[in-house]
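What follows is each chain in one-letter form.
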Amino acid sequence: MTTTPAPGPFDMRAVLLSGFLPAALFAIGEGAIIPIIPIAANSLGASLAIAGFVASLILVGELIGDVPSGVVVARIGERNAMIGAAMVSIAGLVVCTVAPNPLVLAVGVFLVGVSTAVFALARHAYMTTAIPVAIRARALSSLGGVFRFGYFVGPFIAAGVVHLTGTTQSAFWIHVVCCLLAAVTLLVLRDPATGTRGLRRPSRASRADVPATLEGEEFVEQEAHGLFRTIREHHRVLLRLGSGAGLIGAMRAGRQVILPLWAVSVGLDDATAALVIGIAGAVDFALFYTSGQIMDRWGRLASALPCMLGLSICYFLLAWSDHLDARVGWFIAVAMAMSLANGVGSGILMTLGADLAPRDHPAPFLGAWRFTGDFGQAAAPLVISGITAVASIAIASGVMGVLGLVGAGVLLRYVPRYLPRRLR
């Protein structure tokens, strides 16, 4: 049996360089393409509902990628997994740039989603084991803030590229460049966990309970069995508190889809829509550390409940404003308010997952936990596009508001049951 090395002092500078920097680059690229995907699909001839479905596939890809991502991270190591995920993402992005129709675009978007799941789990697993509990929420909220930084900066870069090139699909090249830079960063900088550079076989806690002689398919089979055993052992928390996580993911993902669709419905052009969503991302990004302070000082509910209730109210306001003449003004105001509510909950899903995960071998549980959140993220855009197709985008927004109220109730009921009092 391999043993877990004793943890050294937490080196924030090393984590910022080797952990946060690649995550920031990846997030900038993703932030650049998220508001562009439904617009690109629409420009290829997709209806509003089909455009929403294509946009949802990045989240469906993340959902499907969550379960095997724990096996991948344990098998090849966190750094190797992130580099491989960046390469797969580039392949999907190239498909997006040459897509002649919405179907081919959908395939590329799906590949990007799968690679995102592996990249995100690898970073989350390291942060869970390396960070002291006393500053866990602030550190993971900072990681969430890194992704929000990308979602803030990315749309601005996309707006400039689209304006200069005159084609929406050119924005996908931004993510290609960001993935390449992230991979180079991971290869060049030292891993704070091992002190090494470049690609290497894992030797950390991710393989702590696997016999050293186990290799190849036997190792993957053992990891898969460990994952499903973890799901069985923790099925109560995954069903109960995990349903709250799924609704948090749904509210956030619905925001990412409904805002670009609403911008199209009120007649905003591509560059202006990206600009508005980018400014909203600045509001979201500005609150990431505040969210961590709230959670570390007053507990996880103090961040989760305002986030869910605020997003729910914003969905209701968006639905109500559909009949008004000043729909564009209301759209801008609600986009900013949604970002404010979302920012208050920055890092909440990662923090809850880290609180609940086994300390010595978190990857299987985190894979299952991320599946619950990503299930909501994947389902929400499908719900929005489906309701938009059969009814209207305003009714879809109202349904999301109701789901937000349900999610707030679930969190209020189950967070106190499953977390120690000091973490609530």
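Details of the structure are given in the entry above.
Residues numbered from 1 in each chain as written. Predicted model: local features only at pLDDT ≥ 70, side-chain atom pairs only at ≥ 80, totals over all residues. Heavy atoms only, no water.

Quick notes on empty space enclosed by the protein
- In total, this model carries six cavities of 30 Å³ or more according to the counting rule given.
- In this structure, the largest cavity encloses a volume near 810 Å³.
- Together, 38 residues line the largest cavity, and Phe147, Arg148, Tyr151, Gln256 and Gln377 are the ones closest to its centre.
- Among the elements of the structure, helix H1 (12-33), helix H3 (48-76), helix H5 (102-130), helix H6 (136-165), helix H9 (235-265), helix H10 (270-286), helix H14 (348-356) and helix H15 (363-390) are those that each provide at least two residues to the lining of the largest cavity.
- Classifying every residue of the lining of the largest cavity gives 19 nonpolar, 10 polar and nine charged. (1 Å grid on protein atoms, 1.4 Å probe; cavity = no way out; pocket = protein on both sides within 12 Å on 5 of 7 lines; lining within 4 Å. Points joined across faces, edges and corners; volume = space filled by probe spheres on them. Helix = DSSP H or I, 4+ residues; strand = E, 2+ residues; numbered from the N terminus. Nonpolar A, V, L, I, M, F, W, Y, C, P; charged D, E, K, R; others polar.)

Side note on the packing of aromatic side chains
- Taken as a whole and judged by the stated rule, the model has four aromatic pairs.
- The interplanar angle of 15° and the centroid separation of 4.3 Å between the aromatic rings of Phe26 and Phe119 together place this pair among those described as stacked. One end of the pair, Phe26, is in helix H1; the other, Phe119, is in helix H5, and 93 residues separate them in sequence. This pair shows no difference in class: Phe26 is buried, exactly as Phe119 is. (Phe/Tyr/Trp six-rings, centres within 6.5 Å; stacked < 30°, edge-to-face > 60°. Buried < 20%, exposed > 50% of the residue type's maximum accessible area, 1.4 Å probe, protein only.)

What to know about the nonpolar core
- If you look at the biggest cluster of nonpolar residues, it comprises 119 residues, and the most contacted ones within it are Leu105 and Leu411.
- The greatest single-element share of this core, amounting to 15 residues, is contributed by H9. (Core = buried A, V, L, I, M, F, W, Y, C linked by side-chain atoms within 4.5 Å.)

With respect to the environment of Ala183
- Here Ala183 lies in helix H7 (residues 172-188).
- Each C-alpha atom of the pair Ala183 and Arg79 lies 9.2 Å from the other, and the pair is 104 residues apart in sequence.
- Ignoring any residue separated from it by four or fewer positions in sequence, one finds Ala183 in contact with Ile83, Ala86 and Met87. (Contact = heavy atoms within 4.5 Å.)

Overview of H6
- A rise of 1.5 Å per residue sets the reference length of H6, with its 30 residues, at 44 Å; its end C-alpha atoms lie 43 Å apart and thus fit the reference within 8%.
- Directly after H6, the chain includes Gly166, whose backbone phi takes a positive value near 75°. (Expected span 1.5 Å × (residues − 1).)

Comments concerning the state of the cysteines
- Scanning all chains against the criterion turns up zero disulfides.
- Cys178 supplies the cysteine sulfur nearest to Cys179, a cysteine that is in no disulfide, at a spacing of 7.2 Å.
- Given a relative accessible area of 0%, Cys179 falls into the buried group. (Disulfide = S-S within 2.5 Å.)

So, the packing of H9 against H14
- Orientation of H9 relative to H14, taken along the N-to-C sense of each, is 165°, at an axis distance of 10 Å. In terms of orientation, H9 lies roughly antiparallel with respect to H14. Our pair here, H9 against H14, has a crossing hand that is left-handed. In contact with Val237, Leu241, Ala245, Ile248, Gly249 and Arg252 of H9, H14 contributes Ile348, Leu349 and Leu356. (Axes fitted to C-alpha atoms, helices over the stretch in contact; angles between N-to-C directions. Parallel < 35°, antiparallel > 145°, perpendicular 65-115°, else oblique. Left-handed = near helix turned anticlockwise from the far one by under 90°.)

Let's talk about the pattern of salt bridges
- For the coordinates displayed, the defined rule picks out two salt bridges.
- For the salt bridge of Arg300 with Asp296, the shortest nitrogen-to-oxygen distance reads 3.7 Å.
- For Arg300, the salt bridge is made with Asp355, and the minimal N-O distance between the two is 2.7 Å. Taken together, the positions of Arg300 in the loop between helix H11 (288-298) and helix H12 (301-320) and Asp355 in helix H14 put the pair 55 residues apart, joining distant regions of the chain.
- Given a relative accessible area of 14%, Asp355 falls into the buried group.
- Put simply, Asp296, Arg300 and Asp355 are held in one network by salt bridges that share partners. (Salt bridge = Lys/Arg side-chain N within 4 Å of Asp/Glu carboxyl O.)

What about the side chain of Glu62?
- With respect to the secondary-structure elements, Glu62 resides in helix H3.
- Look at Glu62: it is buried, it has no salt bridge, and the nearest opposite charge is Arg370 at 5.6 Å.
- Apart from residues lying up to four places away in sequence, Glu62 is in contact with Glu30, Gly113, Val114, Thr116, Ala117, Asp374 and Gln377. (Lys, Arg positive; Asp, Glu negative; His and termini not counted.)

A look at the environment of Thr185
- Mapped onto the elements of the fold, Thr185 is located in helix H7.
- On the basis of relative accessible area, Thr185 is assigned to the buried category, the value being 12%.
- Through-space distance from the C-alpha of Thr185 to that of Ile83 is 9.5 Å; in sequence the pair is 102 residues apart.
- Those residues within four positions of Thr185 in sequence are excluded, and the remaining contacts are Leu17, Leu21, Pro22 and Leu25.
- Polar contacts involving the side chain of Thr185 include one to the main-chain carbonyl oxygen of Leu181, which spans 2.8 Å. (Polar contact = N/O pair within 3.5 Å; in protein donor to acceptor, adjacent residues only side chain to side chain.)

Re a nonpolar patch on the surface
- Taken together, the side chains of Leu309, Phe316, Val402, Leu405 and Val406 make up a nonpolar region of the molecular surface, amounting to roughly 400 Å² of accessible area.
- Going through the elements one at a time, H12 and helix H16 (393-418) are the ones with two or more residues in the nonpolar patch.
- Looking at the nonpolar patch element by element, the count peaks at three residues for H16.
- Structurally, Leu405 can be placed in helix H16. (Patch = residues over 30% accessible without salt bridge, like charges linked within 9 Å, V, L, I, M, F, W, Y side chains within 5 Å. Areas by Shrake-Rupley, 256 points an atom, 1.4 Å probe, with all protein chains shown as cover.)

Considering the environment of Ser303
- In this fold, Ser303 is placed in helix H12.
- Using a relative accessible area of 0% as the deciding quantity, one classes Ser303 as buried.
- Along the backbone, Ser303 and Asn342 are 39 residues apart, and their C-alpha atoms lie at a distance of 9.7 Å.
- A polar contact of 2.6 Å, which involves the side chain of Ser303, links it to the backbone oxygen of Val344.

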